[in-house]
Amino acid sequence: MQDWNPQLYRQFESERTRPARELLERIPLDDVRFATDLGCGPGNSTELLAQAWPKAQITGIDSSAAMLEQARERLPTCHFQQADIRRWQAEQPQQVIYANASLQWLTEHHTLLPHLVDQLAIGGALAIQMPDNLEEPSHRLMREVAANEKWQALISPQAADRKRLLTTDHYYDLLTDAGCKVDIWRTTYYHPMADAQGIITWLRATGLRPFLAGLDETQQAAFLHDYHQALIPAYPARSNGQVLLAFPRLFMVAVKTG
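Sequence positions are assigned chain by chain, starting from 1 and proceeding in written order. Note on the predicted model: pLDDT of at least 70 is required for a residue's local features to be given, and 80 or more for side-chain atom pairs to be given and counted; whole-chain, interface and lining totals, by contrast, use all residues. Working from all heavy atoms in the structure, the side-chain values ignore hydrogens and water.

Draft legend 1. Focus on the overall build of the protein. Here a strand is any run of E in DSSP of at least two residues, a helix any run of H or I of at least four, and the numbering for each starts at the N terminus. Of the regular secondary structure elements, the protein holds eleven helices and seven strands. As defined in this context, the radius of gyration uses C-alpha atoms, and a globule is described by 2.2 Å times the residue total to the power 0.38. Here the protein has a C-alpha radius of gyration of 19 Å; the compact-globule value for 258 residues is 18 Å, and the two agree. In what follows, a contact means two residues having at least one pair of non-hydrogen atoms within 4.5 Å. Nonlocal contacts in the protein, meaning residues at least 24 apart in sequence, comprise 77% of its contacts between residues at least 6 apart. Calculation of accessible area relied on Shrake-Rupley with a 1.4 Å probe; when residues are assessed, cover is drawn exclusively from the protein chains displayed. For the protein, the accessible area works out to roughly 12400 Å², and carbon and sulfur atoms hold 47% of it.

Encoded structure:
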C-alpha cells in the first residue's frame, strides 16, 4: 500500500483534531514529564500534547515516513520515531500514552492494550480514541461496492478486513484487569459536508486506502464513481443542500492504579 498522504489527510484537520482535543481534556493529569503519541500522523495531535504539557518530553510514533516528515517540520522540539505500535517499547515509564484514531488499524487488542498499560508509570494514563463506524453507510457501502462482481478480481478481500472493535464491556474488563481505573464513552459526531463527494474526499485519506491500493488511476476513478453513486441515496441533502456524515467514535482513558 502507498504511504499515507499528509496533504489529503489535513484537508479535514479541524474535524479530525476535535476528538483528539476532547480525548486530551479527559486525561486527569497535570504533572506530565514523558508522553507518547501513538500514530501521531502529521503532528496535529502531538501539538495538543505539547501545548498541554510544554515541559514534557513528547514523542510521536508513526509507521509513515511522509507523516513523520510533516510532524517534524511542524514540531521541531518534539521527538519523532518511525515504528510499529505493536512492537513499540517505551525507554522509560510514561505518564501519558495517547492513541488518537490509530489503534483501530491494529488487531489483537486483548494483548495490545495490556502491553501499553505496562509502559505506563503508576498514575499514568492510556488515552484511546477509535472510529467505531464500520456499520455506517460510508463504510458499509465500501464493502458492498467492492463485493460486486466487477471489482472482486481487482480488490483483495483483505481490503475490507479492518477488524471490528471489541465491545465496550470487553474493553472495560480488559483495562480494569490490567490494573486501571477506566473512563469509557462513545460520541457520534455529525459533520456537514457539501455533498457525497465531500465524504469521498474525507475517506480517501483513511478508510478508502485499502480498497484503492491495488487499482491503477483509471480503476480508482471507476471504483470511486460506483461508490459515489451508492453514497448519494444514503446521504440525502438536508434543507440547506449539505449532507450529514455521522461518525461514531469510542473513547477510553485508563489510569494505572497498580
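Draft legend 2. Geometry of the environment of Asp 195. For Asp 195, the location among the structural elements is in the loop between strand S6 (180-193) and helix H9 (196-204). With 48 residues separating them in the primary sequence, Asp 195 and Val 243 have C-alpha atoms 5.6 Å apart.

Draft legend 3. Seen up close, the pattern of salt bridges. Salt bridge, as used here, is a side-chain nitrogen of Lys or Arg placed within 4 Å of a carboxyl oxygen of Asp or Glu. This model, assessed by the stated rule, comprises ten salt bridges. Taking the shortest distance from any N to any O, the salt bridge between Lys 150 and Asp 226 comes out at 3.0 Å. Placement of Lys 150 in helix H7 (residues 149-152) and of Asp 226 in helix H11 (residues 217-234) is noted, with a sequence separation of 76 residues between them. A 1.4 Å probe rolled over the protein chains alone gives each residue an accessible area, and that area as a share of the maximum for its type sets the label: buried under 20%, exposed over 50%, partly exposed in between. By relative accessible area, Lys 150 is classed as exposed at 53%. Each of Asp 84, Arg 86 and Arg 87 takes part in one network of salt bridges that share partners.

Draft legend 4. Representation of the UniProt feature "domain: Methyltransferase" (unreviewed entry) in the protein in the model. Under the local residue numbering, the UniProt record ascribes the feature "domain: Methyltransferase" (unreviewed entry) to residues 37-124. Across residues 37-124 one finds 33% helix and 27% strand; the C-alpha atoms that close the span lie 14 Å apart. UniProt positions are given in the numbering used here, feature names are shortened, and annotations may be inferred rather than shown by experiment.

Draft legend 5. Region of the structure containing the sheet that holds strand S5 (residues 120-131). Pairing is mixed in the open sheet, where seven strands are placed in the order S3-S2-S1-S4-S5-S7-S6. Lying at the two open borders of the sheet, with one neighbouring strand each, are strand S3 (79-82) and S6. Going from strand to strand, the sheet's axes swing by 15° on average, the running direction of each strand aside. If DSSP finds at least two bridges between two strands, the strands pair. Pairing of strand S2 (residues 57-62) with S3, which is carried by four bridges, proceeds in the parallel orientation. Its bridge partner lying in S3, Asp 62 is registered against Gln 82. Orientation is described by axes fitted as lines to C-alpha atoms, over the contacting stretch for helices, and by angles from 0 to 180 degrees between their N-to-C directions. Strands in contact with helix H5 (residues 109-118) are strand S1 (34-38), strand S4 (94-100), S5, S6 and strand S7 (243-256); relative to S5, the strand with the most contacts, it is inclined by about 140°. Strand contacts of helix H8 (residues 168-177): S5, S6 and S7, with the helix running at about 145° to S6, the strand carrying the most contacts.

Draft legend 6. Structural context of the pairing of S7. Taking burial as the measure, the 14 residues of S7 include 13 buried ones, the bulk of the element. Two strands pair when backbone bridges link them, and S5 and S7 are joined in this way by seven bridges, in the antiparallel orientation. Across the sheet, residue Ile 128 finds its bridge partner in S7, namely Met 252. Strand direction decides the pairing type here: S6 and S7, joined by 14 bridges, are antiparallel. By the bridge assignment for S7, Arg 186 is matched with Leu 250.

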